[in-house]
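# Architecture and fold: a report
The lines below spell out each chain.
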Amino acid sequence: MQVVYTPSHLGHDITHETFMGVLVPANEVAERAEIIRGVLDADGGFPRREPTEHGDAPITAVHDPGLVRFLASAWSEVSRQGIPRAFLSADTYPNRSMFEGMSDDAVGRLVREPEFAGGRAGFWGLDSAAPLVAGTYVAARGAVDVALTAVDLVLDGGATAAYGLCRPPGHHAARSMYGGYCFFNNAAIAAQAITERTGERVAILDVDFHHGNGSQQIFWRRGDVRYVSIHAHPDRQYPYFLGREDETGEGEGAGENLNIPLAAGATNDDYLAAVDLACETIAAAPGAVVVVSLGFDTYGLDPIGDFALTTDVYHEVGRRVAALGRRMVILQEGGYHRPSLGENARAWLRGAEGRPFEPLPVAGFGPSGAVAE
Ligand code: SP5
Ligand code: ZN
């Protein structure tokens with residue numbers, strides 16, 4: 001399987017994020033993508049290529065041009081405004097209760113993008129844990145081009161499947177919002193491009209630990225993109241305010257959104273049962289391509305997840321998704337346990353290719369998915 005990768009992600013060189021107001025070491029770091037790249041290279045079965053540039057149009061097909069302008073200018077504004085920070089994080093968000101009792105369109109009429117960079121970050125951002133630095137915009141554009149190049153390989157290049165090593169990830173980014181370590185929604189941009197180019201329906205299967213609130217929002221009223229997600233229940237995990245079972249879409253999109261929230265401690269068996277339901281739901285609608293939002297924060301040792309999956313199950317999940325018989329555009333989302341990331345990606349992708357998985361002799365990493373302490 002071909003891998004699309006660009007070193008432009010390295011400019012998004014995040015070292016810290018905030019967790020409930022406290023500065024903590026960053027989870028979504030450059031080393032993540034470098035580890036996956038290194039392990040896939042060592043496998044020998046994953047030829048790697050750089051993306052080609054696809055321009056603004058596929059981005060503004062799903063995102064507000066204002067979000068693109070904000071991300072393009074945010075860091076230079078931080079410098080111009082003399083804000084002494086290593087990264088941009090929001091100051092104040094427009095909480096919905098700020099407008100309680102005002103007319104229904106008050107948010108649309110009264111909330112305007114401010115000038116102060118911290119206020120702008122609150123206007124466009126979901127949360128305070130998605131730091132933005134000097135290289136973020138170029139990196140986020142690179143991740144979109146990685147996704148669209150994976151689409152090209154599958155639609156024009158005759159590939160059954162392609163893997164886009166996207167970083168930063170994308171599935172939390174909504175039409176007019178960044179957040180959750182995500183700036184542009186790589187999977188949504190890919191799905192939109194596929195619908196435009198094929199005129200056919202597309203499915204997105206989101207197997208990141210977190211609900212892909214951005215992907216759900218973008219396609220909420222769309223009858224041509226079915227979104228199916230398996231994730232931690234939002235009662236206890238980010239993004240808290242979306243991801244429940246009763247969110248099924250509206251209008252043309254009624255019935256096209258399926259959320260499968262799981263309890264803490266979800267096992268391989270729990271997870272495979274959810275994968276089977278997800279695959280049945282995808283198979284129930286026509287379409288030749290599935291976009292996979294692939295996260296490994298479902299792994300048992302992930303520092304921000306609470307599931308109990310092992311490396312072996314990723315091979316089986318890849319195999320079951322491939323058994324849908326659709327072409328696959330597989331895009332990297334989260335996954336923060338660095339010692340296992342490369343092997344988990346290799347297991348999933350080999351499963352998707354119908355190849356067996358033998359663990360590589362990676363230092364400190366055992367065959368059962370357990371890390372030697
Ligand atoms: C793409 C992706 O996986 N984004 C995840 C964004 C999660 N942001 C919130 C992180 C909260 C971390 N909580 C740490 C709890 C440690 N016990
Ligand atoms: Zn995640």
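Cut-offs used in this document
Residues numbered from 1 in each chain as written. Chains lettered and ligands numbered in written order. Predicted model: local features only at pLDDT ≥ 70, side-chain atom pairs only at ≥ 80, totals over all residues. Heavy atoms only, no water. Pairing = 2+ DSSP bridges. Helix = DSSP H or I, 4+ residues; strand = E, 2+ residues; numbered from the N terminus. Donors = N, O, S within 2.8 Å, 3.2 Å for Na, K, Ca; no water. Tetrahedral: all angles 85-135°; square planar, octahedral: opposite > 155°, others 65-115°. Buried < 20%, exposed > 50% of the residue type's maximum accessible area, 1.4 Å probe, protein only. Near = heavy atom within 4 Å. Polar contact = N/O pair within 3.5 Å; in protein donor to acceptor, adjacent residues only side chain to side chain. Areas by Shrake-Rupley, 256 points an atom, 1.4 Å probe, with all protein chains shown as cover. 1 Å grid on protein atoms, 1.4 Å probe; cavity = no way out; pocket = protein on both sides within 12 Å on 5 of 7 lines; lining within 4 Å. Sits in = over half its atoms within 2 Å of the grid points. Nonpolar A, V, L, I, M, F, W, Y, C, P; charged D, E, K, R; others polar.

Bridge count between strand S2 (residues 16–19) and strand S3 (residues 22–25): four bridges; the pairing is antiparallel. Paired with His-16 across the strands is Pro-25, a residue of S3. Counting the residues between successive antiparallel strands, the hairpin from S2 to S3 contains two residues, one of them, Met-20, with a positive phi of roughly 50°.

Attention shifts here to the coordination of the zinc ion (ligand 2). Protein-derived ligands of the zinc ion (ligand 2) are Asp-208 (OD), His-210 (ND1) and Asp-297 (OD), with the metal-ligand distances lying across 1.9 to 2.1 Å. For the zinc ion (ligand 2), the four donor atoms in the first shell make angles of 98 to 136° at the metal, so the coordination geometry reads as irregular. Donor residues for the zinc ion (ligand 2) sit on one chain with the sequence pattern D-x1-H-x86-D. Within this pair, whereas Asp-208 is found in the loop between strand S6 (202–206) and helix H8 (213–218), its partner Asp-297 is found in the loop between strand S9 (289–294) and helix H10 (311–322), the two being separated by 89 residues in sequence. In this structure Asp-297 comes out as buried when scored by relative accessible area, which is 0%.

Lining the immediate environment of ligand 1, one finds 14 residues, of which His-172, Gly-180, His-210, Asp-297 and Tyr-336 sit closest. Between His-172 and ligand 1, the recorded distance is 3.3 Å, taken from a side-chain N or O atom to a nitrogen atom. At a separation of 3.2 Å, an oxygen atom of ligand 1 approaches a polar side-chain atom of His-210. Burial of ligand 1 by the protein chains amounts to 76% of its free accessible area of 510 Å². More than half of the atoms belonging to ligand 1 lie within 2 Å of the grid points that define the largest pocket. Its residues assigned to classes, the shell around ligand 1 shows seven nonpolar, five polar and two charged.

Attention now goes to unusual backbone geometry. A cis geometry characterises the amide bond from Arg-167 onward to Pro-168, with omega recorded as 0°. If you trace the backbone, Pro-168 turns up in the loop between strand S5 (161–164) and helix H7 (186–198). Following Tyr-238, the chain continues into Pro-239 via a peptide bond in cis, with omega recorded as 5°. Mapped onto the elements of the fold, Pro-239 is located in the loop between strand S7 (225–232) and strand S8 (257–262). One non-glycine residue, Met-20, adopts positive backbone phi at about 50°. The topology assignment puts Met-20 in the loop between S2 and S3. Since its relative accessible area comes to 73%, Met-20 is described here as exposed. Of note, Tyr-181 is a non-glycine position whose phi angle comes to about 70°, a positive value. Relative accessible area serves as the criterion here: at 11%, Tyr-181 is assigned to the buried category.

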